[in-house]
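Listed below, chain by chain, are the residues.
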Amino acid sequence: MQAKILGSAAGGGFPQWNCACPNCHAVRSGQFKGKPRLQTQVAVKTEDGPGFLLGASPYVRSQIESSPELHPANMGPRNSPISGVVLASADLDHVLGLLLLRELQPLRVCASEFVVKTVRDENSMFRMLNRVAGLVKWQTIRAGDPFTLQSLAGDGGAISCRAVAVSSHYPAYATQTRQSKEAVLGLILTASSGATLGFFPQLAQLTSELKDLFATLDCLLLDGTFWSDDELIRLQGFGQRAHEMGHVPVGGEDGTLRQLAGLTKPRRMYIHINNTNPMLNEAGAEYRQVRDSGWELAEDGCQLSL
Ligand SMILES: [Zn+2]
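So, a few notes on the structure that sits alongside this text. (Residues numbered from 1 in each chain as written. Predicted model: local features only at pLDDT ≥ 70, side-chain atom pairs only at ≥ 80, totals over all residues. Heavy atoms only, no water.)

## Remarks on the overall build of the chain
Then, in step 1: Per the secondary structure count, the chain includes nine helices and 14 strands.
Then, in step 2: A compact globule built from 306 residues would reach a C-alpha radius of gyration of about 19 Å, and the chain, at 18 Å, matches this within 12%.
Then, in step 3: With the C-alpha coordinates aligned to their principal axes, the bounding extent of the chain is approximately 50 × 40 × 40 Å.
Then, in step 4: For the chain, with 306 residues in total, the buried portion stands at 52%.
Then, in step 5: Sequence separation of 24 or more characterises 66% of the internal contacts of the chain that already satisfy a separation of 6 or more. (Helix = DSSP H or I, 4+ residues; strand = E, 2+ residues; numbered from the N terminus. Rg over C-alpha atoms; globule rule 2.2 N^0.38 Å. Buried < 20%, exposed > 50% of the residue type's maximum accessible area, 1.4 Å probe, protein only. Contact = heavy atoms within 4.5 Å.)

So, in structure tokens, the structure goes:
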């Protein structure tokens, strides 16, 4: 299985269009030691099998175009090696790309019941995906129940996937009366080789069960949204804490870097990194701390073989 990181930033990307925080300002002025990033999205594929996207970012078109292996393989009208999308949440930056994938292409969209109802049933624009009956199949997945990544025609199955319920945090646009422990999922993908990849772009709480699970993985892509709990408040003078937004920060006493210090097996990468996060600055102390702890920052275009 090949997994390609097509984007590694949190909502808004890096730099974000209306942000002049120290990171965004430095990138635009050419003074930044670090890399711009598009919104988080990962493509997974076996050599002959169907490709799947983990998340559908607002930059899905350019993310596909920058990856020749995701281009249509055959001359002629519409075709694509991408057979589907697995959604981990209903966050806008995680689902908006679905609207850009609407060009009469058969797709399987795997998501929790909460996400299907929130995205498809409450937002009429997403009906565009089903203007031809059966063209897009929404497959409801449940935490703990394994499923395989198969095209609508039944091709594939070499990659199996299992969802883990991570959080009941729902996006601000969602109906507040609906609650679900499966509003945010983590995904464990298992290749035919047996190698495992964990995709956890949102981590609301680091439980002992999750710590045990992470220790078994070969590669872990983990929530790197914020360095500190009050990061946005300190920069903007207002806003929510990282925990209130459903993210455990990377740094600090209770941060994932310290809490997961004993993790040695998996290749460990932070993904879904917000533009305000100081660890993006490769000349800074936070970046050094991350690297010295054996972690990497996921980068757009990074390829993982599993
Ligand atoms: Zn910024």
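## A short note on the coordination of the zinc ion
Then, in step 1: Only Cys19 (SG), Cys21 (SG), Cys24 (SG) and Asn275 (OD1) from the protein coordinate the zinc ion, and they sit 2.2 to 2.3 Å from it.
Then, in step 2: Classification of the site at the zinc ion as tetrahedral follows from its four donor atoms and the range of 102 to 119 degrees in their angles at the metal.
Then, in step 3: In the primary structure, the donors to the zinc ion are separated according to the pattern C-x1-C-x2-C-x250-N. (Donors = N, O, S within 2.8 Å, 3.2 Å for Na, K, Ca; no water. Tetrahedral: all angles 85-135°; square planar, octahedral: opposite > 155°, others 65-115°.)

## Structural notes on helix H6 (residues 208-216)
Then, in step 1: All of the buried residues in H6 are Leu210, Leu213 and Phe214. Buried residues along H6 cover an arc of 100 degrees about the axis, so they all sit on one side.
Then, in step 2: Turning to H6, the residues buried within the fold contact strand E8 (156-167), strand E9 (184-190), strand E10 (196-200) and strand E11 (219-223). (Arc of directions from axis to C-beta.)

## Quick word on the pattern of salt bridges
Then, in step 1: The final tally for this structure, using the stated rule, is eleven salt bridges.
Then, in step 2: With its nearest N and O atoms 3.7 Å apart, the salt bridge here joins aspartate 218 to lysine 265. Of the two residues, aspartate 218 is situated in the loop between H6 and E11 and lysine 265 in the loop between helix H8 (256-259) and strand E12 (267-271); the sequence distance between them amounts to 47 residues.
Then, in step 3: By relative accessible area, aspartate 218 is classed as partly exposed at 30%.
Then, in step 4: By relative accessible area, lysine 265 is classed as partly exposed at 47%.
Then, in step 5: Here arginine 241 ties to aspartate 229 by a salt bridge, and the two come within 3.5 Å at their closest N and O atoms. Residue arginine 241 is located in the loop between helix H7 (231-236) and H8, and its partner aspartate 229 is located in the loop between E11 and H7; the two are separated by twelve residues in the primary sequence.
Then, in step 6: The exposure class of arginine 241 is partly exposed, given its relative accessible area of 37%.
Then, in step 7: A residue is classified by how much of its surface remains accessible, and aspartate 229, at 21% relative accessible area, is partly exposed. (Salt bridge = Lys/Arg side-chain N within 4 Å of Asp/Glu carboxyl O.)

## Thoughts on the sheet that holds E10
Then, in step 1: Spatial strand order, E7-E8-E9-E10-E11-E12-E13: seven strands in an open sheet with mixed pairing. Both outer strands of the open sheet, strand E7 (147-150) and strand E13 (295-297), are each paired with one neighbouring strand and no more. The average undirected angle you get between the axes of adjacent strands in this sheet is 25 degrees.
Then, in step 2: In this structure, E11 lies alongside E12, joined through five bridges in parallel fashion. Note that in E12 the partner of aspartate 223 across the bridge is isoleucine 271.
Then, in step 3: Packed onto the sheet, H6 meets E8, E9, E10 and E11 and runs at close to 140 degrees relative to E10.
Then, in step 4: Docked against the sheet, helix H9 (residues 285-292) engages E12 and E13, running at close to 130 degrees with respect to E13. (Pairing = 2+ DSSP bridges. Axes fitted to C-alpha atoms, helices over the stretch in contact; angles between N-to-C directions.)

## So, the pairing of strand E6 (residues 136-140)
Then, in step 1: When strand E5 (residues 107-111) meets E6, the two strands line up parallel, connected through five bridges. For alanine 111, the partnering residue across the bridge sits in E6 and is threonine 140.
Then, in step 2: Once the chain exits E5 it traverses helix H5 (residues 113-121) before rejoining the sheet at E6, and the crossover so formed is right-handed. (Right-handed = clockwise from strand over helix to strand, strands pointing away.)

## As for the sheet that holds strand E2 (residues 41-45)
Then, in step 1: Spatially, seven strands are ordered E6-E5-E4-E3-E2-E1-E14 in an open sheet, and the strand pairing comes out mixed. Edge strands, defined here as strands with exactly one partner in the open sheet, are E6 and strand E14 (303-305). Averaged over all adjacent pairs, the angle separating strand axes in this sheet is 20 degrees, with direction ignored.
Then, in step 2: In terms of strand pairing, strand E1 (residues 2-7) meets E14 through three bridges, oriented antiparallel. Bridging across to E14, glutamine 2 finds its partner in serine 305.

## A closer look at the nonpolar core
Then, in step 1: Core analysis: the largest hydrophobic core is formed by 35 residues, its most contacted members being Phe200, Phe214, Leu222, Tyr270, Val290 and Trp295.
Then, in step 2: Of all elements in the fold, only helix H1 (22-28), E8, E9, H6, E11, H9 and E13 reach the threshold of two or more residues within this core.
Then, in step 3: If we skip the residues at most four places from it in the chain, phenylalanine 200 touches Val164, Val166, Gly186, Leu187, Ile188, Leu210, Leu213, Phe214, Leu220, Leu221, Leu222 and Asp223. (Core = buried A, V, L, I, M, F, W, Y, C linked by side-chain atoms within 4.5 Å.)

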